[in-house]
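Coordinate analysis (summary)
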Amino acid sequence: MTLADKIELINDAHKRAKQSHNYNAAAYYEAQLDLLESLFKQGIEFIEVK
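A brief look at the structure comes next. For clarity, every value in this text was computed on a predicted model and none was experimentally measured.

Attention now goes to the overall build of the chain. In terms of helices and strands, the chain carries 2 helices and 0 strands. Taking 50 residues into account, the globule formula puts the C-alpha radius of gyration at 10 Å, and the chain, at 13 Å, lies well above it. In terms of principal-axis extent, the alpha carbons of the chain reach across some 45 × 20 × 10 Å. Scored against the burial criterion, the 50 residues of the chain give a buried share of 12%. When the accessible surface of the chain is split by element, carbon and sulfur atoms take 58% of a total near 4,300 Å². On the chain, the mean spot of the 6 positive side-chain charges and the mean spot of the 8 negative ones are 3 Å from each other.

This is the structure we're talking about:
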């Protein structure tokens, strides 16, 4: 499974949680997406610095 596949799964789970008004789960998945975005940006910055 690629990183893109995992991000898609998390994004889908986030959408389902919001649609079912499960706000705790939605917040959890949103935090995971935010973390992945942050790590991705840090990785790009690291590569650019090198």
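Next, the rest of the story.
Another aspect to go through is the pattern of salt bridges. Close approach of charged atoms allows side chains of opposite charge to pair. Evaluation of the coordinates by the stated rule reveals 1 salt bridge. In this structure, E37 and K41 form a salt bridge, with 3.2 Å as the shortest nitrogen-oxygen distance. Of this pair, E37 and K41 both sit in helix α2 (residues 23-49), 4 residues apart, which is roughly one turn of the helix.

Across the chain, the bulk of peptide bonds are trans and the bulk of non-glycine residues have phi less than zero. The backbone phi angle of H21 is positive, close to 60°, even though this residue is not glycine. Looking at the element boundaries, H21 is found in the loop between α1 (3-19) and α2. Exposure remark for H21: the relative accessible area of 56% places this residue in the exposed category.

With that out of the way, let us pick up the packing of aromatic side chains. Here the structure, examined in full by the defined rule, presents 1 aromatic pair. Between Y28 and Y29 the ring centres are 5.2 Å apart and the planes differ by 70°, which places this aromatic pair in the edge-to-face class. Exposure remark for Y29: the relative accessible area of 25% places this residue in the partly exposed category.

Rules behind the numbers
Residues numbered from 1 in each chain as written. Predicted model: local features only at pLDDT ≥ 70, side-chain atom pairs only at ≥ 80, totals over all residues. Heavy atoms only, no water. Helix = DSSP H or I, 4+ residues; strand = E, 2+ residues; numbered from the N terminus. Rg over C-alpha atoms; globule rule 2.2 N^0.38 Å. Buried < 20%, exposed > 50% of the residue type's maximum accessible area, 1.4 Å probe, protein only. Areas by Shrake-Rupley, 256 points an atom, 1.4 Å probe, with all protein chains shown as cover. Lys, Arg positive; Asp, Glu negative; His and termini not counted. Charge placed at Lys NZ, Arg CZ, Asp CG, Glu CD. Salt bridge = Lys/Arg side-chain N within 4 Å of Asp/Glu carboxyl O. Phe/Tyr/Trp six-rings, centres within 6.5 Å; stacked < 30°, edge-to-face > 60°.

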